[in-house]
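# Remarks on the overall topology
Below, each chain spelled out in residue letters.
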Amino acid sequence: MYAQGQNGLMSTWREHIRSRGLAAWILAAVMMGFYVDLYWFDHLEPLAQALGLRNRWFLYGGLYCVLMVVGGALYLRRHGNSRYNQIRISVNVLVQVLLAFTLPYVMPLLGGKEFYFSYFWPLKYDLLLPDTLSKLPLYLSIYALVGSLIAAPILAFFFGKRWYCSWICGCGALANTFGDPWRHLTSKSTRSWRFEQVSIYLVVALVIFMTAVAGLGGLVGDAHPGFVSFAGQTKHVYGFVVGSILSGVIGTGLYPLLGPRVWCRNFCPMAGLLGLTQKLGRFRIRVKDDMCISCGNCSAYCEMGIDVRSYAQSNLDFTRAACVGCGMCAHVCPRGVLRLENRWDLNADKDKQHLVVLDF
Amino acid sequence: MKFVIIGNGVAGTEAAIALRHRESDAQITIISEESDHFFSRTALMYILSGQLSHRDTEPYERDLYARMNFVRVRARALGVDTKGHQVRLAGGLDPVPYDRLLIACGSRPRPAPWPGSDQAGVGHFVTHQDLTWLERELHGGVSKAGPAPQADAHLAYSSPDSPYRVRPVAAELRGRLARTGAVIGGGLIGIEVVETMLAAGISPHFLIRERWFWPVAINQDESTWMAQRMREHGVHVHLQREVERFVVQDGAITAVRTVDGEDLPADVAVVTIGVLPNTDWLAESEIQRQQRGGAIVVGPDLRTSDPDVFAAGDCAAVEWFNGMRRPEQLWYTGRDQGRVAARSIMGDDVRYKRSHWYNSAKLMDIEYTTAGLVDFGFDDMWSWFLEETGTVRSTTRIVCRGQRVVGFNMLGRRWDHRVLIRWIAERRSLSWVLDRLQQAAFDTEFVPRLRIPDEKRRQATQPA
Ligand SMILES: Cc1cc2nc3c(=O)[nH]c(=O)nc-3n(C[C@H](O)[C@H](O)[C@H](O)COP(=O)(O)OP(=O)(O)OC[C@H]3O[C@@H](n4cnc5c(N)ncnc54)[C@H](O)[C@@H]3O)c2cc1C
Ligand code: SF4
Ligand code: SF4
């Protein structure tokens, strides 16, 4: 595998399953059905037990791992990928297999607690509630607090939100492996951008509200039973709507119809907060001046629905809050116009002068 | 003011937008035959393979005409009446009057000179109609990316000699899709068609008249290296072979016969032997054109021989840095010329200046960047050349005059042409450049750096 090879042409729109053909609709229906069953029924329990797994969630985890590994291999083959994506996708899948499946499975066997090192607040929305924290051993509660509130934003400031969304996160890992064949389906319309701007910050507001209320509920304890039950309900409703329906049934179920990042783009509160940090930070996509041929590959293959071409054809370096740094716009660009980078030397831009006249 | 623009390619569209930004009340009419919306011609190959939808290749939202209040006429212009200030249209439409006219009518394919080239199965790859033709030959129609824009909505308002007409489809005569193919002409468009044929499961014959592939841009070493890559992908590369005629059966071609008498089987043959300025329709108009080729002669303000008529893009012969006058058939220069022409039309004192040569391309899976002077056959120039093997396969060629660097020709890696051009303008020496080459690298993160072996570095001080 070469470090810088793009493959030849893709036949994306000539494949039924990738162009919203019947097969894509059937697959979407099956996947949504699967999530409904997983969340609210226990038909999968016997199968899980038969396979020697603790419960149906580990069955789901195992399936997830298989899809990521197989999908990841296909992803690299499909795009003949760059070294950046080879490393990124391997790390992401490895992190998920180890930290989101193997370790949580093994820890209780060793007498510990089932803990997911790869999830932070606000994606794992109940992680910082007094209820949760108090049940964790001290080092884990420190890990959760520091990870969520200090380390995550600092890393996003310096490296962009990609450090999480495209290198660690499970939703990102599935989207970029199993979900990759559908990345071009993410809508690029201005309307979808407006929707995203409202929906994602709405969820951010909701998760902060929910955490505050539930946190307070945990603190006031039995003194105000009315408030405690209100707090419990808020958490429950948030979990049902955001945690199950938006991230699972819709977010993943609609891959074959709306692209693999429906959840990440429109609803994930973690992506929302890290995106704001990214806007202020050092990550950006650099554009080579006057080299873009407006072909549209970058925009088409941006899974976050960013119209990358509009920046590229106007010679504008850019940082968009939504960008998860998957690197695919840069990879598919046939003229090598785009480059993801973390700026260390902030003065480097000063010499971005215009081209000079040649004299021979 | 009445502005009329012929052509909605990159030059015409960018000019129209620039005009509208300043002249909010002017009437702006765009006459163009080929397609309803401005699309990226450079992306034709991606639509053909199914990598992009047609909509993906349109640089602006489709409400552009409405938003910018452009009048849109989809018809063929048959001539310009410079005295009466109007454009004549085909299909019996009323002539369109103008105060200022911009001609941005682009290129047409150079026609194939061989017998049989008017038969089904032979075509080009330049226009939207060529794309439609080839989609039918290779795939039986458009991809599933939503309804395709109409390729022939303008037929009643066109003429038989227009390049914007769909060619006869051999696959439909024959009743099956093409299984074999040939691409004739070893240039950039040629290799793009080769690649789309590979993607359609055909291993094409690639006929190149010259001693090596793409001699105007790459030298024999680089080309041999490229030909190897092509053969790895299953392309039958034929160097120094010329076509005698097409072999035809029942109105559709079956093979390409070479001058040495071999029949190379081809259900479809795409002729990519260059493009010509698309200006025959101006034959009877009083606008000066070049004797050879027929490009419209323009001054530095992009004005033609008629003071109220301007030209930009592929059809305009502008002055190059070395004093030559010829068209620049490039996307970005077309965009710049369109914008300069718009300002010139509005009366600004502007000059279009050909400042530097650079370009990039992708040849199959190999990326290509060039900057400065890499022409061959100059006695006083020599090249420093490095071939890289391993996880990155690349070639680096730095062209020098004495010790001074005058050009770069790079395959396989990404480079920032702005830095390369700056070094050339600053008259840097080869060893100075080699010490800093990494500053011009534009590879994606984690790609190993280009390593220059010591003995190669030593060559920097001794002319080859
Ligand atoms: C397959 C292919 C690949 C290419 N790749 C690259 C690349 O990688 N990089 C690069 O820099 N360049 C590339 N080019 C060249 C680039 O596309 C052109 O330089 C550019 O599109 C020229 O734009 P234009 O506006 O001058 O003309 P065009 O885009 O050709 O537009 C001309 C328009 O004029 C209209 N027209 C013409 N005659 C008439 C008439 N008589 N009446 C009415 N309307 C008329 C047509 O409707 C047409 O839309 C490529 C070209 C092709 C064909
Ligand atoms: S802009 Fe590029 S790197 Fe960012 S999400 Fe889109 S494709 Fe990925
Ligand atoms: S893929 Fe590259 S050349 Fe094409 S529109 Fe995007 S930046 Fe421009």
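Everything numeric here is computed off the predicted structure, so don't read it as measured data. (Residues numbered from 1 in each chain as written. Chains lettered and ligands numbered in written order. Predicted model: local features only at pLDDT ≥ 70, side-chain atom pairs only at ≥ 80, totals over all residues. Heavy atoms only, no water.)

## Here we look at the site of ligand 2
Around ligand 2 lies a shell formed by I285, C302, M304, I306, V308, C323, V324, G325, C326, G327 and C329 of chain A. Partitioned by chemical class, the residues of the shell around ligand 2 number 9 nonpolar, 2 polar and no charged. (Near = heavy atom within 4 Å. Nonpolar A, V, L, I, M, F, W, Y, C, P; charged D, E, K, R; others polar.)

## Description of the sheet that holds strand 6 (residues 96-97) of chain B
Residue and element names in this part refer to chain B. Across the sheet, 3 strands lie side by side as 4-5-6; this open sheet has antiparallel pairing. Strands with a single pairing partner mark the edges of an open sheet, and in this sheet they are strand 4 (77-81) and strand 6. Here strand 4 pairs with strand 5 (residues 86-89) via 4 bridges, running antiparallel. What sits directly across from G79, in strand 5, is R88. (Pairing = 2+ DSSP bridges. Helix = DSSP H or I, 4+ residues; strand = E, 2+ residues; numbered from the N terminus.)

## Quick notes on the domain arrangement of chain B
All names here are of chain B. Segmenting chain B into domains produces domain 1 (2-33 + 75-108 + 276-345), domain 2 (111-273) and domain 3 (358-461). Here domain 1 and domain 2 have C-alpha centroids that lie 30 Å from each other. Listed by partner, the interface residues are 12 residues for domain 1 and 11 residues for domain 2. Buried surface at the junction of domain 1 and domain 2, both sides included, amounts to about 890 Å², of which 58% is carbon and sulfur. Between the two partners, domain 1 and domain 2, sit 0 salt bridges. Along the contact surface separating domain 1 from domain 2 lie 5 residue pairs in polar contact (both at pLDDT 80 or more). (Domains from an automatic or database assignment. Contact = heavy atoms within 4.5 Å. Buried area = accessible area lost by both parts, 1.4 Å probe. Salt bridge = Lys/Arg side-chain N within 4 Å of Asp/Glu carboxyl O. Polar contact = N/O pair within 3.5 Å; in protein donor to acceptor, adjacent residues only side chain to side chain.)

## Quick look at the site of ligand 1
Inspection of the region around ligand 1 gives 33 residues, with R335 of chain A together with S32, A77, D314 and W331 of chain B positioned closest. The site occupied by ligand 1 is bordered by residues of chains A and B. One of the side-chain nitrogen or oxygen atoms of R335 of chain A is found 2.5 Å away from an oxygen atom of ligand 1. For ligand 1, an oxygen atom lies 2.6 Å from a polar atom in the side chain of S32 of chain B. Considering ligand 1 on its own, with 1000 Å² of exposed area, one finds that the protein chains cover 97% of that surface. Mapped by element, the contributors of at least two residues to the shell around ligand 1 are helix 1 (10-22) and helix 6 (188-199) of chain B. Tallied by class, the residues present in the shell around ligand 1 amount to 16 nonpolar, 10 polar and 7 charged. There are two domains that each give the shell around ligand 1 at least three residues, and those are domain 1 (2-33 + 75-108 + 276-345) and domain 2 (111-273) of chain B. (Areas by Shrake-Rupley, 256 points an atom, 1.4 Å probe, with all protein chains shown as cover.)

## Let's talk about the nonpolar core
The biggest cluster of nonpolar side chains holds 146 residues, and the ones touching the most others in it are Y164 and L338 of chain A together with F213, I398 and F408 of chain B. When sequence neighbours within four positions are dropped, the list of residues in contact with F408 of chain B reads T369, T370, A371, V374, R397, I398, L420, W423, I424, V433 and L437 of chain B. Counting residues in hydrophobic clusters, the runner-up holds 52 residues, among them L102, V298, L302 and V340 of chain B. (Core = buried A, V, L, I, M, F, W, Y, C linked by side-chain atoms within 4.5 Å. Buried < 20%, exposed > 50% of the residue type's maximum accessible area, 1.4 Å probe, protein only.)

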